[in-house]
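One letter stands for each residue in the lines below.
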4 protein chains.
Amino acid sequence: MSLPVNYGEAVLLLDEERKKSFLFVLREGGEIGTHKGRLLHKDIVGKKEGSLVLSSTGARFRIFRPSIVDKMMKVQRKTQIVYPKDASWLILALDIRPGMRIIEIGTGSGAFTMLLAQLVGKEGRIYTFDRREDFLENARQNIRRAGLEDRVVFSLLNAGDLFPVNNVDAVFLDLPEPWLAISPSWDALLPGRPLATIVPTAEQLKRTVESLIENGFLVMDVVEILERRILVRKKEGVRPFEKMVGFTGYLISSRKIIEE
Amino acid sequence: MSLPVNYGEAVLLLDEERKKSFLFVLREGGEIGTHKGRLLHKDIVGKKEGSLVLSSTGARFRIFRPSIVDKMMKVQRKTQIVYPKDASWLILALDIRPGMRIIEIGTGSGAFTMLLAQLVGKEGRIYTFDRREDFLENARQNIRRAGLEDRVVFSLLNAGDLFPVNNVDAVFLDLPEPWLAISPSWDALLPGRPLATIVPTAEQLKRTVESLIENGFLVMDVVEILERRILVRKKEGVRPFEKMVGFTGYLISSRKIIEE
Amino acid sequence: MSLPVNYGEAVLLLDEERKKSFLFVLREGGEIGTHKGRLLHKDIVGKKEGSLVLSSTGARFRIFRPSIVDKMMKVQRKTQIVYPKDASWLILALDIRPGMRIIEIGTGSGAFTMLLAQLVGKEGRIYTFDRREDFLENARQNIRRAGLEDRVVFSLLNAGDLFPVNNVDAVFLDLPEPWLAISPSWDALLPGRPLATIVPTAEQLKRTVESLIENGFLVMDVVEILERRILVRKKEGVRPFEKMVGFTGYLISSRKIIEE
Amino acid sequence: MSLPVNYGEAVLLLDEERKKSFLFVLREGGEIGTHKGRLLHKDIVGKKEGSLVLSSTGARFRIFRPSIVDKMMKVQRKTQIVYPKDASWLILALDIRPGMRIIEIGTGSGAFTMLLAQLVGKEGRIYTFDRREDFLENARQNIRRAGLEDRVVFSLLNAGDLFPVNNVDAVFLDLPEPWLAISPSWDALLPGRPLATIVPTAEQLKRTVESLIENGFLVMDVVEILERRILVRKKEGVRPFEKMVGFTGYLISSRKIIEE
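Nothing here was measured: the structure is a model prediction, and the numbers come from that model.

Peer 1: Help me out: how do you make sense of the overall build of chain A in this one?
Peer 2: Within chain A one finds 6 helices and 15 strands. The C-alpha extent of chain A, read off along each of the three principal axes, is 70 × 45 × 35 Å. Out of the 260 residues in chain A, the part that is buried amounts to 52%. Put simply, 61% of the contacts in chain A that link residues at least 6 apart link residues at least 24 apart.

Peer 1: Sorry, what's going on with the sheet that holds strand β1 (residues 10-15) of chain B here?
Peer 2: Consider a sheet: its strands pair through backbone hydrogen bonds, and that pairing is either parallel or antiparallel. Residues and elements named next belong to chain B. Judged by pairing direction, the sheet is antiparallel, and its 4 strands sit side by side in the order β2-β1-β6-β5 without closing on themselves. Because the sheet does not close on itself, it has two edges, and the strands there are β2 (21-25) and β5 (52-54). The average undirected angle you get between the axes of adjacent strands in this sheet is 30 degrees. Pairing geometry for β5 and strand β6 (residues 60-64), over 3 bridges, is antiparallel. Bridging across to β6, L52 finds its partner in R62.

Peer 1: How should I be thinking about the interface of chain A and chain D in this particular structure?
Peer 2: How big an interface is tends to be expressed through the accessible area that disappears when the partners come together. At the interface, 18 residues of chain A touch 18 residues of chain D. Listed by contribution, the elements that provide at least two residues to the side of chain A that touches chain D are α6 (202-214), β13 (237-240) and β14 (243-245) of chain A. Across the side of chain A that touches chain D, the residue classes break down as 8 nonpolar, 4 polar and 6 charged. Relative to strand β14 (residues 243-245) of chain D, β14(A) runs antiparallel, the two sharing 3 bridges. Counted as the bridge partner of A:V245 is D:K243 from β14(D).

Peer 1: Would you mind going over the interface of chain B and chain A with me for this structure?
Peer 2: Across the boundary between the two partners, chain B contributes 53 residues, which contact 53 residues of chain A. Here the element with the most residues in the side of chain B that touches chain A is strand β12 (residues 217-233) of chain B; it accounts for 12 residues. The residue inventory of the side of chain B that touches chain A, partitioned by class, reads 27 nonpolar, 9 polar and 17 charged.

Peer 1: Would you mind showing me how to read the confidence of the model for chain A here?
Peer 2: Caution applies to low-pLDDT regions: their predicted coordinates should not be interpreted in detail. Across chain A, pLDDT averages 96, with 100% of residues at or above 70. Both scores are available for the predicted complex, with the pTM at 0.96 and the ipTM at 0.96.

Peer 1: Hey, could you run me through the relation of the copies chain B and chain A in this one?
Peer 2: For these two chain copies, the linking operation is a rotation about an axis paired with a shift along it. Structural alignment of chain B on chain A gives an RMSD of 0.0 Å, achieved by rotating through 180 degrees and translating 0.0 Å along the axis. The relationship between the two copies is best expressed as a two-fold rotation axis. In this assembly, 100% of the residues forming the interface of chain B have copies in chain A that are likewise at the interface, indicating an isologous arrangement.

Peer 1: Please clarify how the relation of the copies chain A and chain D should be interpreted in this entry.
Peer 2: Mapping chain A onto chain D calls for a screw motion: a turn of 180 degrees about the axis and a shift of 0.0 Å along it, with 0.0 Å RMSD after fitting. Of the residues that chain A buries at the interface, 100% are likewise interface residues in chain D, meaning the two copies contact each other through the same surface.

Peer 1: Honestly, the sheet that holds strand β2 (residues 21-25) of chain C in this entry has me stumped. Any pointers?
Peer 2: All names here are of chain C. Judged by pairing direction, the sheet is antiparallel, and its 4 strands sit side by side in the order β2-β1-β6-β5 without closing on themselves. The outermost strands of the open sheet, each flanked by one partner alone, are β2 and β5 (52-54). Averaged over all pairs of adjacent strands, the angle between strand axes in this sheet comes to 30 degrees, irrespective of strand direction.

Peer 1: I'm lost on the packing of helix α3 (residues 111-120) of chain A against helix α4 (residues 133-145) of chain A in this one. Help?
Peer 2: Residues and elements named next belong to chain A. Between α3 and α4, the shortest axis-to-axis distance is 9 Å and the interhelical angle comes to 40 degrees. Between α3 and α4, the interaxial angle falls into the category oblique. Considering how the two elements wind past one another, α3 and α4 form a crossing that is right-handed. Of the residues in α4, those touching α3 at T113, M114 and A117 are A139, N142 and I143.

Peer 1: What should I look at first to understand the environment of C:T107 in this one?
Peer 2: You can see C:T107 is positioned in the loop between β7 (101-105) and α3 (111-120). With residues near it in sequence (within four places) discarded, C:T107 still touches C:T113, C:T128, C:F129, C:D130, C:F135, C:L136, C:A139 and C:F154.

Peer 1: Explanation requested: the domain arrangement of chain A in the structure shown.
Peer 2: Residue and element names in this part refer to chain A. Once the domains are mapped, chain A shows domain 1 (10-66) and domain 2 (70-256). Computed over C-alpha atoms only, the centres of domain 1 and domain 2 are separated by 31 Å. If you look at the interface, domain 1 gives 5 residues, while domain 2 gives 4 residues. Among the secondary structure elements, those contributing two or more residues to the side of domain 1 that touches domain 2 are β1 (10-15) and β2 (21-25).

Peer 1: Is there a simple way to think about α4(A) in this case?
Peer 2: Since one α-helical turn is 3.6 residues long, residues separated by three or four positions face the same way. All names here are of chain A. Compared with the 18 Å implied by 1.5 Å per residue over 13 residues, the 18 Å span of α4 between its first and last C-alpha is a close match. Every buried residue of α4 is accounted for by L136, N138, A139, N142, I143 and R145. Contacts from the buried residues of α4 go to β1, α3, β8 (125-130) and β9 (152-156). Positive phi shows up at G147, right after α4, with a value of about 75 degrees.

Peer 1: Teacher, can you tell me more about helix α3 (residues 111-120) of chain B here?
Peer 2: α3(B) sits mainly inside the fold: 10 of its 10 residues count as buried. Among all positions in α3(B), only B:A111, B:F112, B:T113, B:M114, B:L115, B:L116, B:A117, B:Q118, B:L119 and B:V120 are buried.

Peer 1: Would you take a moment to explain the environment of D:T57 for this structure?
Peer 2: Note that D:T57 resides in the loop between β5 (52-54) and β6 (60-64). Every residue in contact with D:T57, bar those within four places of it in the chain, is listed here: D:K36 and D:G37.

Peer 1: Looking at this model, I keep getting lost on unusual backbone geometry. Mind explaining?
Peer 2: Negative phi characterises most residues that are not glycine, and trans characterises most peptide bonds. The phi dihedral of A:N167 is positive, around 55 degrees, even though this residue is not glycine. In this structure, A:N167 sits in the loop between β9 and β10 (170-173). Even without being a glycine, C:D95 presents a positive backbone phi close to 55 degrees. Of note, C:D95 is situated in the loop between α2 (84-93) and β7. The buried category is assigned to C:D95, around which 22 C-beta atoms lie within 10 Å.

Procedures and definitions
Residues numbered from 1 in each chain as written. Chains lettered and ligands numbered in written order. Predicted model: local features only at pLDDT ≥ 70, side-chain atom pairs only at ≥ 80, totals over all residues. Helix = DSSP H or I, 4+ residues; strand = E, 2+ residues; numbered from the N terminus. Buried ≥ 20, exposed ≤ 12 C-beta atoms within 10 Å, placed from the backbone. Contact = placed C-beta atoms within 7 Å. Pairing = 2+ DSSP bridges. Axes fitted to C-alpha atoms, helices over the stretch in contact; angles between N-to-C directions. Nonpolar A, V, L, I, M, F, W, Y, C, P; charged D, E, K, R; others polar. pLDDT = per-residue confidence, 0-100. Least-squares fit on C-alpha atoms with pLDDT ≥ 70 in both. Parallel < 35°, antiparallel > 145°, perpendicular 65-115°, else oblique. Left-handed = near helix turned anticlockwise from the far one by under 90°. Domains from an automatic or database assignment. Expected span 1.5 Å × (residues − 1).

Right, dumping it as structure tokens:
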């Protein structure tokens, strides 16, 4: 039901105080260095999630199996990733359910791919495409480490090419010129199903929205998400953090319409 | 693969222009009244998703099967619902996967219950509890209409009572005094797994965070989510909408820790 | 030092509870109708600011001399006004001091004119221009009611025309096509002094910034201001209001540069 | 009308590209070091505002007389300052006019004092108090450098003490326990006139608001101001900056009421 962590598994080591964390696979003879001393993998193996472990300098750490957000934030990055605040909005915009078949154009580092893969489950499929072989290879490794490679299909594709799969339940576009992929997206989608995308500037937003309208989509929502982290301390009281992420991108959701 | 909509099914009728929508079940002899004329159900049956239908006054509407967000926003409300902007953040905080078993305290109108139920899939289970029988009954009907009743278990429970299920993968609390349910949540959760909640004021936030710390949880994140809707029009150009939702609640995520 | 309010003066009548307010001039025989009953002007005359007065239905109101924000919000509106949240940022961007001479293009309803007029004092001058005589006439009346007409000069001007004054300390532009007024602004401004403006969309923002750069200005700052109102109640606790103004405009500040 | 800058004057040297700036007084034989080379004061003297000057490495800089915001941001800091985004809101909340007499409790580094002093003009007076002599001395120097010392009176005062001036037009409080100064503020203010303050946490906000209500003030507004800086570039297009200031404080405005 809740097995202790074991060799071969990925674990998250979390500094109780500063929330700084380390994600790694437990190996025999392994050792992990932190900002507050070192720990031997063998001292972690056999512990249950949530347990306390002490580093060589006596600092307190907690052991967890990584959540999907932990995995997303710890991917080996070759590109900017879709941040959790945006990824979560997109999940609802894409109307994800277990078992679905989804196309992603722009694999990047595979962080969002990973979230899609977790949510469609073993019977679902994520068809993810990138124009760069090195990005695909890096993403493949990230997704393998996350234990989700059984449901993800990676392929090379240039922006503007037809997609080699169709009748899919949702399409997500994350590429510099999303308008190039809108017509192929229409071909690949089931009627009425969603296409969502993220763009970095007002100009790209306008061009993408216009392209969606011209290519048989109904634009449902355009938003940006601001996440304010709040500090809650006994002494200092409650207040928002002094620094925040100001902007990551505009998010667009749409649905395929048909003329018949 | 993509069957036309049929009698007995829920459909979403969407005003192409104003994005105003109507959610209803197709019935023989049925009729739906809108702000722009009426439509007969028999003229909708047999259409594919995304198709155009015209009202009695010639207004253009599109037919869709409702997305999970459509369903959430259209529940029969007896309480305030968890809004999509917050619900999506919570989904990631709760680290949801198909097949999971999840406890929700505070069923309310069942909008968030519905999202959880969709995401855990047929093999998952949502155990949802409310202290009011009338809320449970209303939520049960909302979830039946959404076609998700096979995976949701509804029960009466007073705040502070022990939960009748345990070894669950996640707990979500949505009640006026979440601190009353924190100790029972610890008992019910698997080690290391998440508890998330939403609270409306700074005072409740502080008290909830303190209660989590005292009862064996590590607080991971406290945030509020601002969703800005953006207007994209050919003529008017790109700019945020003039009105926005200013606040719905503070969101807290935490994980169970153990001392052993 | 603090004289009681008297006939001929403008007063603000404020509903203590709901913060609803009424701005009017005290007249002999006058009467003011509110959402909570009526009051006779003679029962207000002779009171000091901050005093309690009761309406015909016994509702509690407070008497104040109107602040500059009260006056701005209560102008007779023929156009959208510059809101206080933006007006206050612009005051700093325009580096206002008593005694300054300032040009405003786009008088509108005169709300911002009023603030400028108050801040430059009796020895300052606001030269405000509009292309519509009816707007100018309405603004003139608004500013007369505010008691600030001695320092404001109103004139007709079409966008693109040269300004009939020069060597001014600051220029504020509030018109649909601010780029038309940028070259005349350069001619009218003292070297190094600020030009600020407000625009409603991303496209106009881009065009205005490009025009500023091409016409001898250094763009200092581009911002938007979000004002969140916070509810503080003994019972409900502290939290932001549920509704907020989502957007009013992009604000630009710049300074004139010279090549010599 | 627009004299060239001269020895003895404060000037702002602004890196045209990066908006990095340097504020200093021109001295015979003086030299200023920047991130992009050095400049001799004698090469700046005699230039008009907005002129181009080149550093020893050929980097382009512009010369300006500092605006009030330049001066505020460049004070010698011994404390956190009131940021321009908040200062500008407070100016309207305090209903400032030339000639007014204003009390500030909590001089700090004198940044906001400087803005008040500029806006009340030569005939106005700012009575600013701090409990620490070293803060007062530092602020005094900051305000002398800004050329505004003729209208500011600095004095020592402990929180809770009666104020040695009265019949003032406005009071601004910036101290850790603003509630200690609320009753003395009431005594010092003219009837109906404003008190404004800034506090860092929800708890302090609540306590301050309650103290205002108990001590004869009507709370008019409680807000926080978010300033989003927008990037406008030909190539990258329009979008908000990736980082922003998330929070500085809650702002409160109120007016003195009387019972008579």
